[in-house]
Amino acid sequence: MSRKADLPRGRQGSRGLLWSMWVLLGLYLAALMLHEEGLLPRVDVWLGVPAGWAPVAVAWLAAFRAKARLPLVLVAMALTAYTTGSTFYVIALSEGTALPFPSPADASYLLFYPLVLGGLFAYLLSLRQRLASSVLLDAVVGSLGAASVLVVLLAPLLSAASSFPTLATAVAIAYPLLDLIVLAVTAGMAAVPGLATARSGATLMLGLIVFAVADAFYAFRLANDTYQLGTPLDAGWTAGLCLIAAWADGFARQEERAEGASEGSWTPAVPMVATAAGAGVLIVGTGIPVPGLAVALAAATLLSAGIRTQLAFRKLVTLAEVRRQSRTDELTGLPNRRALYADAPELLSARPGIECAFLLLDADRFKEINDSLGHDVGDRLLIQVSERLRRCLRPGDLIARLGGDEFAILLLDTGQDEAVRIADRLRAALSEPLTLKGIAVQVGISVGIALFPEQGEDLKTLLRKADTAMYRAKTSRSGHHVYASEDQNPGEERLRMLQELRAALAEDQLVLHYQPKVDAVTGDVKGVEALVRWNHPRRGLLAPDSFLLLTEEAGLMNDLNSRVLTLALDQAASWHRQGRPMTVAVNLSASTLIDAELPERIATMVSARNLTESALMVEITEDFMMPDRSRARDILSRLQDSGIQIAIDDFGTGYSSLAYLRDLPINELKLDRSFIAPMTHCPRAAALVASTINLAHSLGLIVVAEGVEDRPALEQLGGYGCDQAQGFHILRPVPAAELDEWLSPARLDSGLPSA
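Cut-offs applied
Residues numbered from 1 in each chain as written. Predicted model: local features only at pLDDT ≥ 70, side-chain atom pairs only at ≥ 80, totals over all residues. Heavy atoms only, no water. Helix = DSSP H or I, 4+ residues; strand = E, 2+ residues; numbered from the N terminus. Buried < 20%, exposed > 50% of the residue type's maximum accessible area, 1.4 Å probe, protein only. Axes fitted to C-alpha atoms, helices over the stretch in contact; angles between N-to-C directions. Parallel < 35°, antiparallel > 145°, perpendicular 65-115°, else oblique. Left-handed = near helix turned anticlockwise from the far one by under 90°. Contact = heavy atoms within 4.5 Å. Nonpolar A, V, L, I, M, F, W, Y, C, P; charged D, E, K, R; others polar. Salt bridge = Lys/Arg side-chain N within 4 Å of Asp/Glu carboxyl O. Pairing = 2+ DSSP bridges. Phe/Tyr/Trp six-rings, centres within 6.5 Å; stacked < 30°, edge-to-face > 60°. Expected span 1.5 Å × (residues − 1). Patch = residues over 30% accessible without salt bridge, like charges linked within 9 Å, V, L, I, M, F, W, Y side chains within 5 Å. Areas by Shrake-Rupley, 256 points an atom, 1.4 Å probe, with all protein chains shown as cover.

## Section: unusual backbone geometry
Now for step 1: The omega torsion across F452 and P453 is -5 degrees, close enough to zero to call that bond cis.
Now for step 2: As for its placement among the helices and strands, P453 is situated in the loop between β6 (445-452) and α17 (459-476).
Now for step 3: A positive phi angle is found at D508, which is not glycine, with a value near 60 degrees.
Now for step 4: A relative accessible area of 47% places D508 in the partly exposed class.
Now for step 5: With a phi close to 55 degrees, D650 is a non-glycine residue in the positive phi region.
Now for step 6: With respect to the helices, strands and loops of the structure, D650 is situated in strand β13 (residues 645-651).
Now for step 7: Overall, D650 belongs to the partly exposed group, its relative accessible area being 26%.

Now the structure itself:
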């Protein structure tokens, strides 16, 4: 039969032997208590000797079963040595033989100590990988402190032992000194977290203490000439051996675990008590004679305690730094999400009923900047954003970076009006361009505001409602939004929409509609503007306003631009093959300014379709130039140098349009519909349109009027000398096939058709 099959039976046998050991010890102790003092062979020999050898058998069986055998083998040898000496001593006395001092039995007794100490050190070495250096130092402090006190207490025994002859003196002194070492080691073991509280660990320490205490009582009684064989004291050594053997059995079963001290453990008190004991020995030594060894051990205790205190201080500093780092955003130095979740509830709970405001901020177009210019530039952007935000806050306000480009701010003692003013101040602080990698980048933020306690009394609720408000601010482009009861969390629908948008880019769900630009006087078609639509599988045909903001937020604008350019140039090539060459205008968002390789990519796409560069016109808005005018000028110049025409769309809606006309290489100016709509009934609007047309012509630019909704407006524009017009009066944006039908006459007559 295999050893594995025998294992349960072996374990059962070891348990039986263990119980037999305790039974023999109990019988031996009871017999000693019942009979009078003096040697009684049937008790001391026939019961005491088997009771002494039972723990030896348990220890050797445990050593045989254990995987880590060295500690148990040494302990089993120690028990064997001691029991051999005890057996020799008892049998010799029972036979009436007078034994000298020291006798062969003393050799066996003394051999017990180095063997058991060797086993203890081997045991502790097996635990060293699971124990911190500070724990080991605690054990040293405990051992030294205990040793200094024990030297003082055992001084009478050491003095009495010195009266023996030379060899006898050495042996007599060896017993208390070795007991002192055993007790000191036991005190050190008590400082190991988890060891003293584990069942088998406590059993080992108790066994060593019982054994040493029995030795001490024996020595004192011997010094006073009161010791007699056959008293319950004789069972003290056997009890100590039984406890040590029980530990060996538990070690073999691997019941002990050197784990960290549980909360409320007393083990940290060991080095403190030992330090106090060492100090006490030194203080006592100033008044009464104390052995020099005790003084030396006490001094060593205080020195070790000082080293331990220094290590503890360093550990506390390290832990404080680790805690700080765990609560701090590594990039910006702001508190992180963990710190917000820990500090904000405390701040709010300390202000029951007092108004506070929770702001959630998100940087616009951050993902696109991060992907286009690189993560290092994105990191520097976040650092500058965090610095500007922090400067806008008051002392006591809490700001944290939640992750990515999202920040949270808790404004204490703040109502709605003040929260809105601070939100405006934060947005204004970021309105100035940030310089990154030689590029001036303008980053806007959207701010969602939730009010405490009106809209939520806990951080989780405030965070959810502020997130809803922030999304409302983004979709409405209002910059900030205070949560209202009618607001609903759009998160689920937004995530679904984003997933569908990614699918739309991959599955050709995006289509282009085209709106013609015609000569304002003759009606000749001069070109078309390509306008993107999303043929949504659930919601039908969607206009750009329904998904462009989400596209920018998700960092998909470059993908969208590439798709629109591809569709527009493919259609331009189709018209070219049909003998109807036409310039197609495509809108580019401000985010494309980040792409330094844009001109080359567009030129490659045009040449790949065998089109002339004049087949494409790029339309930009003033947002394109605002972040970095020099970079915009460089990109637009390279586009124009390659033959691609440039138009400024929605002219007149910004603040620096005239400076752009002066500085940027452009071919066409498109007047915004907000000027054209009131022109027929507002003289001031008409004057602005006429003067802008004259200004553009003086700069050599073509002028296109957008949003022409009726014939009087078209005729008035023609009278002002406007070059081209587009709008619903001429034709709404339509698919290419429908535009082909509309273009079949190739020229508009005086009665321009409308859609």
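Following the structure, the description resumes.
## Details of the packing of helix α4 (residues 69-94) against helix α10 (residues 234-252)
Now for step 1: The N-to-C vectors of α4 and α10 enclose an angle of 160 degrees; their axes lie 11 Å apart at closest approach. When the interaxial angle is binned, α4 and α10 end up roughly antiparallel. Relative to α10, α4 is oriented so that their crossing is left-handed. Across the interface between the two elements, L72, V75, L79, Y82 and T83 of α4 pack against W237, L241, I244, A245, W247, A248, F251 and A252 of α10.
Now for step 2: Residue classes in the contact of α4 with α10 are distributed as 12 nonpolar, one polar and no charged.

## Digging into the environment of W19
Now for step 1: Positionally, W19 belongs in helix α1 (residues 3-34).
Now for step 2: The spacing of W19 and A54 is 35 residues in sequence and 9.9 Å in space, taken between C-alpha atoms.

## A short note on the pattern of salt bridges
Now for step 1: Tallied over the entire structure, the rule returns 19 salt bridges.
Now for step 2: A salt bridge links D508 to R563; the shortest N-O distance between them is 2.7 Å. You can see D508 sitting in the loop between α18 (491-506) and β8 (510-519) and its partner R563 sitting in helix α20 (residues 557-577), a full 55 residues away along the chain.
Now for step 3: The shortest N-O distance in the salt bridge between E715 and R711 comes to 3.8 Å.

## Some points on the sheet that holds β6
Two pairing modes exist for strands in a sheet, parallel and antiparallel, and in both the strands are linked by backbone hydrogen bonds.
Now for step 1: Pairing is mixed across the open sheet formed by five strands, whose spatial order is β2-β3-β1-β6-β7. Looking at the sheet topology across the chains shown, the edges are occupied by β2 (398-403) and β7 (480-482). Pairwise comparison of adjacent strand axes, ignoring direction, gives a mean angle of 20 degrees for this sheet.
Now for step 2: Note: β6 against β7, three bridges, orientation parallel. Its bridge partner being in β7, I449 is matched across the sheet by V482.
Now for step 3: Relative to strand β3 (residues 406-411), helix α15 (residues 375-391) is tilted by about 10 degrees, and along the sheet it contacts β1 (356-363), β2, β3 and β6.

## Focus: the side chain of K670
Now for step 1: Within the secondary structure layout, K670 lies in strand β14 (residues 668-671).
Now for step 2: You can call K670 buried: its relative accessible area is 0%.
Now for step 3: When residues no more than four places from it in sequence are discounted, the contact partners of K670 are K517, E529, E619, I648, D649, D650, F651, V704, E706 and Q726.

## Thoughts on the side chain of S446
Now for step 1: Position of S446 relative to the elements: it lies in strand β6.
Now for step 2: Under the relative-accessibility criterion, S446 is labelled buried at 4%.
Now for step 3: Not counting residues within four places of it along the chain, the set of residues in contact with S446 comprises L360, L361, D362, D364, M470, A473, K474 and G479.

## Quick look at the pairing of β13
Now for step 1: Counting buried residues along β13, five of its seven residues qualify, which places the element largely inside the surrounding structure.
Now for step 2: With three bridges connecting them, β13 and β14 associate as parallel partners. Among the inter-strand pairings, A647 is bridged to a residue of β14, identified as E668.

## Let's talk about the packing of aromatic side chains
Now for step 1: Within this structure, the stated rule accounts for eight aromatic pairs.
Now for step 2: Ring plane angle 40 degrees and centroid distance 4.8 Å describe the contact between Y82 and Y109, whose orientation is recorded as tilted. Taken as a pair, Y82 in helix α4 and Y109 in helix α5 (residues 104-127) lie far apart in primary sequence, 27 residues in all. Each of the two residues, Y82 as well as Y109, counts as buried.

## Points about α4
Now for step 1: Relative to the 38 Å expected for 26 residues at 1.5 Å per residue, α4 spans 37 Å between its end C-alpha atoms, a close match to the ideal helical length.
Now for step 2: In the stretch just after α4, G96 is the one whose phi turns positive, near 80 degrees.

## Some details on a nonpolar patch on the surface
Now for step 1: A cluster of nonpolar residues, I209, V213 and F217, forms a patch on the protein surface that exposes about 250 Å² of accessible area.
Now for step 2: Assignment of secondary structure puts I209 in helix α9 (residues 199-223).
Now for step 3: For I209, a relative accessible area of 35% puts it in the partly exposed group.

## Brief notes about the packing of α20 against helix α21 (residues 598-608)
Now for step 1: One can describe the packing of α20 onto α21 by two numbers: an axis separation of 10 Å at closest approach and a directional angle of 25 degrees. Here α21 runs roughly parallel to α20, going by the angle between their axes. Remark: the crossing between α20 and α21 carries right-handed chirality. Contact residues: S562, L565, T566 and L569 in α20; R601, I602, M605 and V606 in α21.
Now for step 2: Considered class by class, the residues forming the contact of α20 with α21 number five nonpolar, two polar and one charged.

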